[in-house]
Amino acid sequence: MRKKIIIAILLFAASALALFWTTHRGTGKIEILKTVRVERGEVRNQLEATGIIKAQVGAIVKIGAQATGRITRMNVRVGDPVKQGDLIAAIDDRELKASEAEAEARLDRARADLSRTKTTAPLLITEAEAEMEAAAAQLNYAVLSFERQRQLAEADLVAKDALDDARQNAAVKKSALRAKVSALERIRSETAEDQRKAAKSLAQERAALDSIRTKLSYTRIISPLTGVVSQVAAQEGETVVTGLEVANLITVLDPTRLEMWIYVDETDIGRVIPGLPVDFQVDAYPGDVFSGSIDQIYPEPEIRDNIVYYQALVRLEKEQALRLRPEMTTQCQVIVEIKKDVLALPNAALKWVDGQQVVFVSDDSGVRKVSPELGLSGVTHSEVLSGLSAGDAVATQLVLPGQKKKED
């Protein structure tokens, strides 16, 4: 009985040893499961990063109200397209309209005052000049009369009293002329001052009217840009009260002015420079690839989960921006270097054997191991400098001696 048990154990051990040898040792030859041809093509060295779609500065405008009052009209809803200059909403303006009418009346009165002073000033000056000329003529006549009386008095032809009367009359006429000259200067000064005051009053009334009209313009909410209404914070009939801050009513977004912020790890930022091309995808459009280029790199870092990132900015073309939305998450590939029309080896064909990267080439003579000289390394392909030729069939899936075959 014991002998039968020993024989059974030996047979089981022999069977297990044979199964292990056939499954783990194989045939002792390299078994090629799948090959691809080495061809000339494009090799890309790129960085993988995450980005976010953002609106550019100035592409989102919060439109507020600087006037206090009841909203009498609200012309838009969320999602409505608007153009620059469109009337979005209106606030009750009756009180300001009345103030405008009063200001217009005061302006007309000031304008009439200025016109009157400009009309009467020349008349007053002309009258004063005429009186001065008359006084000058009277003085001239009095002086001539005095000279005649003096000559007659020297010849004892008139009495001394007549000479004294002529002298006094000339003095009086001289004083009268000085008075008329002073009056003319005073009238000129007063009319100039009246015109200055009237012009200043006109300017003040015009400024007051402009101020009221400016406040009146605040009752008409105008879109400052062309875009889409993204938020509406008040409705028709509500009262807007302005204080230290402007009350925001409507937000307008220009969907054509978008950009992408790429968060690049601090270990990779040294390889990223402005001008590098970028390909990216969004979950909203599976399979679609968008493109752009690095515009600038922000100098300040952003720390997330104790990891330091730097923001790289990518401007988006109008056609791409219209398909995207702010805050979309993107999967980005920053293309650091591209080589075209080079011998491109699929990375799947590179195998590590005894600490060395090798490629197994299959041809009519069998399978040979090659250690190619590689250049630029990409995500899917690497550049071959030497060791392989275009058309070589390289193994991407194989079983080496001593390895267990994996099922696909």
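Report follows, based on the coordinates. (Residues numbered from 1 in each chain as written. Predicted model: local features only at pLDDT ≥ 70, side-chain atom pairs only at ≥ 80, totals over all residues. Heavy atoms only, no water.)

This next bit is on the layout of surface pockets. Empty space among the atoms becomes visible once a probe the size of a water molecule is rolled across them. Here the second largest pocket defines a volume of roughly 160 Å³. The wall of the second largest pocket is formed by Gln66, Ala67, Thr68, Asp92, Asp93, Arg94, Glu95, Leu96, Lys215, Tyr218 and Thr219. Among the elements that make up the lining of the second largest pocket, the one with the highest residue count is helix 2 (residues 94-154) (three residues). When grouped by side-chain class, the residues that make up the lining of the second largest pocket number three nonpolar, three polar and five charged. (1 Å grid on protein atoms, 1.4 Å probe; cavity = no way out; pocket = protein on both sides within 12 Å on 5 of 7 lines; lining within 4 Å. Points joined across faces, edges and corners; volume = space filled by probe spheres on them. Helix = DSSP H or I, 4+ residues; strand = E, 2+ residues; numbered from the N terminus. Nonpolar A, V, L, I, M, F, W, Y, C, P; charged D, E, K, R; others polar.)

Positive phi values are uncommon outside glycine, yet aspartate 305 reaches one of about 50 degrees. Mapped onto the elements of the fold, aspartate 305 is located in the loop between strand 13 (290-304) and strand 14 (307-315). Since its relative accessible area comes to 75%, aspartate 305 is described here as exposed. Positioned with a positive phi, glutamate 327 is a non-glycine residue whose angle comes to about 75 degrees. With respect to the helices, strands and loops of the structure, glutamate 327 is situated in the loop between helix 4 (318-321) and strand 15 (329-346). (Buried < 20%, exposed > 50% of the residue type's maximum accessible area, 1.4 Å probe, protein only.)

The next subject is the nonpolar core. A general trend in soluble globular proteins is that nonpolar side chains are found buried together. Grouped together as the largest cluster of nonpolar side chains are 26 residues, with contacts concentrated most on Ile53, Met260, Ile262, Val278, Phe280, Ile294 and Leu324. Taken together, the elements giving at least two residues each to this core come down to strand 2 (39-55), strand 11 (258-265), strand 12 (277-282), strand 13, strand 14 and strand 15. Those residues in contact with isoleucine 294 that sit more than four places away from it in its chain are Ile262, Val272, Ile273, Pro274, Gly275, Leu276, Val278, Ala312, Leu313 and Val314. Grouped together as the second largest cluster of nonpolar side chains are 18 residues, Ala67, Met74, Ile221 and Leu249 included. (Core = buried A, V, L, I, M, F, W, Y, C linked by side-chain atoms within 4.5 Å. Contact = heavy atoms within 4.5 Å.)

With respect to the helices and strands, isoleucine 273 occurs in the loop between strand 11 and strand 12. Distance in space between the C-alpha atoms of isoleucine 273 and leucine 163 is 110 Å, their sequence separation being 110 residues. With residues up to four places along the chain from it excluded, the contact list for isoleucine 273 reads Ile294 and Ile297.

Below, the discussion takes up the pairing of strand 15. As defined by bridge partners, strand 2 adjoins strand 15 across 13 bridges and the pair is classed as antiparallel. Counterpart to glutamine 46 in the pairing with strand 15 is isoleucine 335. Of the strand pairs in this sheet, strand 15 and strand 20 (residues 381-386) are connected by three bridges, and their pairing is antiparallel. Across the sheet, the residue bridging to alanine 344 is glutamate 383, located in strand 20. (Pairing = 2+ DSSP bridges.)

A separate point is the side chain of asparagine 45. By the secondary structure assignment, asparagine 45 is in strand 2. With a relative accessible area of 19%, asparagine 45 lands in the buried category. Setting aside chain neighbours within four positions, we find asparagine 45 in contact with Arg271, Val334, Ile335, Val336, Glu337, Leu376, Ser377 and Gly378.

In this section: the pattern of salt bridges. Within the structure shown, the criterion is met by 24 salt bridges. As a salt-bridge pair, aspartate 113 and arginine 116 come within 3.0 Å of each other at their nearest N and O atoms. Note that aspartate 113 and arginine 116 are positioned in helix 2 at a spacing of three residues, about one turn of the helix. In this structure arginine 116 comes out as partly exposed when scored by relative accessible area, which is 46%. Ionic pairing is found between arginine 186 and glutamate 190, a salt bridge with its closest N-O pair at 3.4 Å. Here arginine 186 and its partner glutamate 190 are both found in helix 3 (residues 160-217), four residues apart, which amounts to about one turn of the helix. Its relative accessible area of 44% is what places arginine 186 among the partly exposed residues. (Salt bridge = Lys/Arg side-chain N within 4 Å of Asp/Glu carboxyl O.)

Residues separated by three or four positions in an α-helix point in the same direction, a consequence of the helix having 3.6 residues per turn. Taking 1.5 Å of rise per residue, the 61 residues of helix 2 would be expected to cover 90 Å, and the 89 Å separating its terminal C-alpha atoms lies within 8% of that figure. A positive backbone phi angle near 55 degrees is found at aspartate 156, which sits one or two residues after helix 2. (Expected span 1.5 Å × (residues − 1).)

What follows concerns the packing of aromatic side chains. Inspection of every chain in the model, using the stated rule, returns two aromatic pairs. A centroid spacing of 5.4 Å and a plane angle of 20 degrees characterise the contact between phenylalanine 280 and phenylalanine 290, whose relative ring orientation is stacked. Highlighted residues: phenylalanine 280 in strand 12 and phenylalanine 290 in strand 13, separated in sequence by 10 residues. Like phenylalanine 290, phenylalanine 280 is buried. With a centroid separation of 6.1 Å and 65 degrees between ring planes, the pair formed by tyrosine 285 and phenylalanine 290 is classed as edge-to-face. Following the ring pairs from residue to residue traces out a cluster consisting of Phe280, Tyr285 and Phe290. In this structure, arginine 304 is placed above the aromatic ring of tyrosine 263, and the distance from its NZ or CZ to the ring centre is 4.0 Å. (Phe/Tyr/Trp six-rings, centres within 6.5 Å; stacked < 30°, edge-to-face > 60°. Lys NZ or Arg CZ within 6 Å of the ring centre and 35° of its normal.)

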